[in-house]
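# Inside the fold
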Amino acid sequence: MSESIDTHELDVLVIGAGGAGLSAAISAAERDVSVGVVCKSLLGKAHTVMAEGGIAAALGNVAPADDWKSHFLDTMKGGWGLNDPRMAEIHAKESPERVRTLQEWGALFDRTDDGKISQRPFGGHRYDRLAHVGDRTGLEMIRTLQDKTVAEGIDVYQECTTTHLLLDGDQVAGALGVWRDDGSPILFRSKAVILATGGLGQCYRITSNSWEYTADGHAMALRAGAALVDMAFVQFHPTGMVWPKSVQGTLVTEGVRGEGGILLNSEDERFMFDYVPDAYEGSVAPTVEEADRWVAGDRDARPPPELLTRDVVARAILSEVSAGRGSPHGGVFLDIANQRSTEYIQEKLPAMVHQFRELAEIDITEDPMEVFPTCHYMMGGIRVDPETQETAVPGLYASGEVAGGLHGANRLGGNSLSDLLVFGNRAGHAAGDRAEGMDTFPPIDDEDVTNKLNSLEAPFEREDGTDPYALHAELQTVMEEYVGIMRDDDRLTTGIERLEDLAERAANTATDGSRAYNPGWEKCFAVRHLVEAGLAIAHAARERTESRGAHTRIDYPEPDEELERVEFAISLVGGEIDIAREAVPAPREELREMLQADTGEEETQ
Amino acid sequence: MSTQTEGQPPAEEATTEEQSDEPTGDRDPETDTTTYTLEVYRGDGEDGELVTYDVPIQAGMVLLDALHWIQANRQPDLAVRWNCKSGRCGSCSMEIDGMPSLSCMKRMSEYDADTPIRVTPMRAFPVVKDLVCDVSWNYEVNAEIEPFTPAPDADFTFYQPDVERSREFRRCIECFLCQDVCHVLREHDKKDAYAGPRYLVRSAGLHFHPEDTADRTEWMKEDAGVGYCNITHCCSDVCPEDIEITDNAIIPQKERVVDEYYDPLAQIKRKLSDVWS
Ligand SMILES: Cc1cc2nc3c(=O)[nH]c(=O)nc-3n(C[C@H](O)[C@H](O)[C@H](O)COP(=O)(O)OP(=O)(O)OC[C@H]3O[C@@H](n4cnc5c(N)ncnc54)[C@H](O)[C@@H]3O)c2cc1C
Ligand code: SF4
Ligand code: SF4
Ligand code: FES
């Protein structure tokens, strides 16, 4: 059977062409191996293109006191201590070099007055740390990586969806997928496979994530035998658009607050001053006056409370709206118009000016925006080895948003783009090394391929199966209602029951039309992945009987010390979800001492 | 107005397949929607037709939302590209009443609810299915451009004004709307001879990079065929990123070609360097 399929032999197969996938491909190609990248959309359209604010890296160009240690400590604090300490260390140490490499490949960052890469402040980072390109950092990053990929002669298979990983015993042997343009199958035989498929935001109705974010990587990895960790931690970005309804969830960059934007309720109160958590008491400005000084550039002042971590700001907004102090369309106000000059806003936030003008007919240099939390990022993901990014499946690697561990209970802004560069690079090298050391391709099991192809075809044959569009909409409602921002045991238990029912129906979808470019058919497999991811989130959230970072339990409103170094790992055992309570790796001695000594305050020089 | 491109079927008269009970353009106070009529191209490169759909539209909806409504409620296999839904990724390019546009940035309120809106794929490229075209030619052209080439000892110290010179061109989201509208590609199908505005924007972005050292003039003249552009400005008019393609990217590069190839002094220099290399 598999002889008749369009078959490609690639030593290293990278699934995903965002920042993580392209970094991995470029680094793998530094070894003596053949490398290919597959992606669902056209090259250059992955989510990374949408990133706005910047890349976090302790370059120390603006704040000379910044170093990897401060970045490490901020990341750990932002993640409520649940981060894998070795990943956080590697990330903090290697991101400056990766940013400089990106610059050498042609990325044109904004500059400081002395001609270096400029850095802007962002929530949870104690120093000005984000290398940026106006509010289009992701565009510059993906274009640079895309050009480098092409220049290196790496094969790109665009508009090609992988649906299954193939195994030889317990090691990876390749992947199976479909060409979107005509629906025909494609088979990859590979010695190493890197998953860089991004997130799962399509689980939720209000989201900043595109149609691509359907948890494909999470689901494929689970089935292949890998584990998912930290799945309770879904980041709801505090500022999504609320109106018009059709753009609900579209992101308003944190850069707006970084540039001085403030949050107001319907009573014109700057409410964030009332929501400073104990852990951050003393590290944010207690008064408007001090916050204003910080915005004006005085780094002896402390930053405004609007720049607290995303979990804190999102909960604060939710509380204000629930208390009846919301804006007309059910959000709160984000005002930069009264904080900065029109010229300044246009120069620093051109994409936001454009977005609001075109989509909401609002001039943000004149009027406030209305914002509400939107599903934005998945902190959890596939468990990987910090050094190599290898999963529990030999030869299978994961990096970028699809991998877990670095961010713990909450991700700091800017720490994703740096994550992609650092761990994409590491995964690429490790996968390249593995492939270099193997003489032959692992064998493919023809019968397995045939079965998998049949399962893909099945929705065309079912007479009265489920409509995948309706199922997807129902899933989003269930997730919003029972597995949303505010959780408790009852809701999560009901949510799991509803999701189990959805899982049954998701295995029974039907579609029609031709195989060619058929989004209805594609949704049949995507919705299965989403339901599986939804179940993983709900189970992990129910087990986690505490509130920590992005995970808020109404019935357990405080963090539980017992769970401080505990993670829940989800895997499939005999087709059933299995949840294991495990210890987070302990930090090595030097890191532990740093963590204990850290006060979170800036060093005075 | 345009001639036929290979693989692009002629747009035929609309056939009505979908009719709702509500009269077109009516406002339904209960659901707070207004009904719009869309005539959407359905078919592949060989065969196709315009199919009419009545779509309930809420305030603030964009054309892409209307297409998603059709997918979810009428035609699950309707092919359309999109990703960001906020004008940042350049995926959702198509022609709306013949105008090359990003469908995620076209608010329905810009259109008249009483007149059918015609939605067709970009015309300069072969159709794969419905509103999706085969744009792979663009990627092939791109691969021929000499990539960013810094000097071996470049130290990457440069200033904001140096960055600004290249910035405009680097805003490009690769929507290919400029390629679609350019008559050299659209009407004359000179894809073998002319790279099109998008790639003159790319080479300008590279050229103005403060650390780039490559000379792409020969590519510009011989392969990109910059001489084919006759400065009609249509590309600049459709660019969703407001890049002044013609004035800021193409004209300066045309001038460089002229300087290098038709200026006698430069010609001698070039000959000499040919001998020496
Ligand atoms: C609006 C917005 C703004 C953001 N701003 C910032 C910011 O300023 N700073 C920051 O650090 N982070 C930011 N983030 C987060 C960050 O952009 C993402 O987390 C990051 O880009 C993810 O990169 P990735 O490489 O993991 O995945 P992506 O860039 O999403 O790429 C995923 C790739 O996988 C492919 N893929 C998926 N499934 C399959 C499949 N089954 N078969 C084949 N291919 C597949 C997709 O086609 C795509 O190419 C932002 C996110 C959003 C949505
Ligand atoms: S100005 Fe040149 S490139 Fe632009 S549309 Fe006209 S002919 Fe084409
Ligand atoms: S130059 Fe403008 S119109 Fe052309 S591809 Fe780029 S963004 Fe689109
Ligand atoms: S969907 Fe990204 S530009 Fe329209």
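Note that the structure is a prediction, hence the values are computed from the model and not measured.

Turning next to the overall build of chain B. Counting its secondary structure elements, chain B contains ten helices and nine strands. In chain B, buried positions account for 56% of the 277 residues. At a minimum sequence separation of 6, the contacts of chain B that also span at least 24 residues come to 66%. Summing over all exposed atoms, chain B offers an accessible surface of approximately 12,000 Å²; the carbon and sulfur share of this is 48%.

This part is about the nonpolar core. Of all hydrophobic cores here, the largest spans 235 residues; its most connected members are A:Val12, A:Leu195, B:Leu38 and B:Leu67. Per-element accounting of this core gives the leading share, ten residues, to helix H15 (residues 519-543) of chain A. In this structure, A:Ile5, A:Ala173, A:Leu456 and A:Phe460 belong to the second largest nonpolar core, which totals 13 residues.

The next thing to look at is helix H2 (residues 68-78) of chain A. Residue and element names in this part refer to chain A. Here H2 lies mainly inside the structure; eight of its eleven residues are buried. Buried residues of H2: Ser 70, His 71, Phe 72, Leu 73, Asp 74, Thr 75, Met 76 and Gly 78, and no others. Of the surrounding elements, those touching the buried residues of H2 are strand S3 (55-56), helix H3 (85-104), helix H11 (415-436) and helix H16 (589-597). A positive backbone phi angle near 55° is found at Trp 80, which sits one or two residues after H2.

Residue and element names in this part refer to chain A. Split into domains, chain A comes out as domain 1 (1-233 + 379-599) and domain 2 (238-374). Here domain 1 and domain 2 have C-alpha centroids that lie 28 Å from each other. Counting residues at the interface gives 27 residues for domain 1, matched by 30 residues for domain 2. Here domain 1 packs against domain 2, burying approximately 2,300 Å² in sum over the two surfaces, 53% of which is carbon and sulfur.

Turning to the pattern of salt bridges, a few remarks are in order. Under the criterion given, the structure shown has 67 salt bridges over all chains. The salt bridge partner of B:Asp162 is B:Arg165, with a shortest N-O separation of 3.1 Å. Placement of the pair is B:Asp162 and B:Arg165 together in helix H3 (residues 160-170), with a separation of three residues, close to one helical turn. When its relative accessible area of 19% is taken as the criterion, B:Asp162 is described as buried. Within the structure, one salt-bridge network assembled from shared partners comprises A:Arg86, A:Glu89, A:Lys93, A:Glu94, A:Glu387, A:Arg426, A:Arg588 and A:Glu590.

Turning next to the interface of chain B and chain A. Residue-level contacts link 55 residues of chain B with 62 residues of chain A. The largest contributions to the chain B side of the interface with chain A come from B:Asn83, B:Arg88 and B:Arg107, which together make up 16% of the buried area. Applying the counting rule to chain B against chain A returns eight salt bridges. Across the chain B-chain A interface, the total number found is 33 residue pairs in polar contact (both at pLDDT 80 or more). For the side of chain B that touches chain A, the secondary-structure elements that each account for two or more residues are helix H1 (63-73), strand S8 (127-129), helix H2 (136-144), H3 and helix H6 (197-207) of chain B. In terms of residues, the side of chain B that touches chain A owes the most to one element, H3(B), which gives five residues. Split into classes, the residues belonging to the side of chain B that touches chain A amount to 28 nonpolar, 13 polar and 14 charged.

What counts, and at which threshold
- Residue positions are given per chain, counted from 1 along the sequence in the order it is written.
- Starting at A for chains and at 1 for ligands, labels are handed out in the order in which the entities are written.
- Where totals are concerned, whole chains, interfaces and linings use all residues; where local detail is concerned, this predicted model gives features only for residues with pLDDT of at least 70, and gives and counts side-chain atom pairs only at 80 or more.
- The side-chain numbers reported here are obtained from all heavy atoms of the structure, hydrogens and water having been left aside.
- The helix and strand labels rest on DSSP assignments: H or I over at least four residues marks a helix, E over at least two residues marks a strand, and numbering proceeds from the N terminus.
- Whether a residue is buried, partly exposed or exposed follows from its accessible area with a 1.4 Å probe, protein chains only, as a fraction of its type maximum: under 20%, in between, or over 50%, in that order.
- Only heavy atoms enter the contact rule, under which two residues are in contact if any of them lie within 4.5 Å.
- Accessible areas in this description were obtained via Shrake-Rupley with a 1.4 Å probe; residue shielding takes into account the shown protein chains only.
- Definition used in this section: a nonpolar core is a set of buried Ala, Val, Leu, Ile, Met, Phe, Trp, Tyr and Cys residues joined via side-chain atoms within 4.5 Å.
- For each domain, the first and last residues come from an automatic or database assignment.
- We define buried area as the total accessible area lost by two parts upon association, computed with a 1.4 Å probe and summed across both.
- One speaks of a salt bridge when a side-chain nitrogen belonging to Lys or Arg is within 4 Å of a carboxyl oxygen belonging to Asp or Glu.
- Whenever two N or O atoms come within 3.5 Å, that pair is a polar contact, provided that in protein one can donate a hydrogen and the other can accept it, and provided that, for residues adjacent in sequence, both atoms are side-chain atoms.
- Only Asp, Glu, Lys and Arg are considered charged in this grouping, and only Ala, Val, Leu, Ile, Met, Phe, Trp, Tyr, Cys and Pro are considered nonpolar; every other residue, Gly among them, is considered polar.

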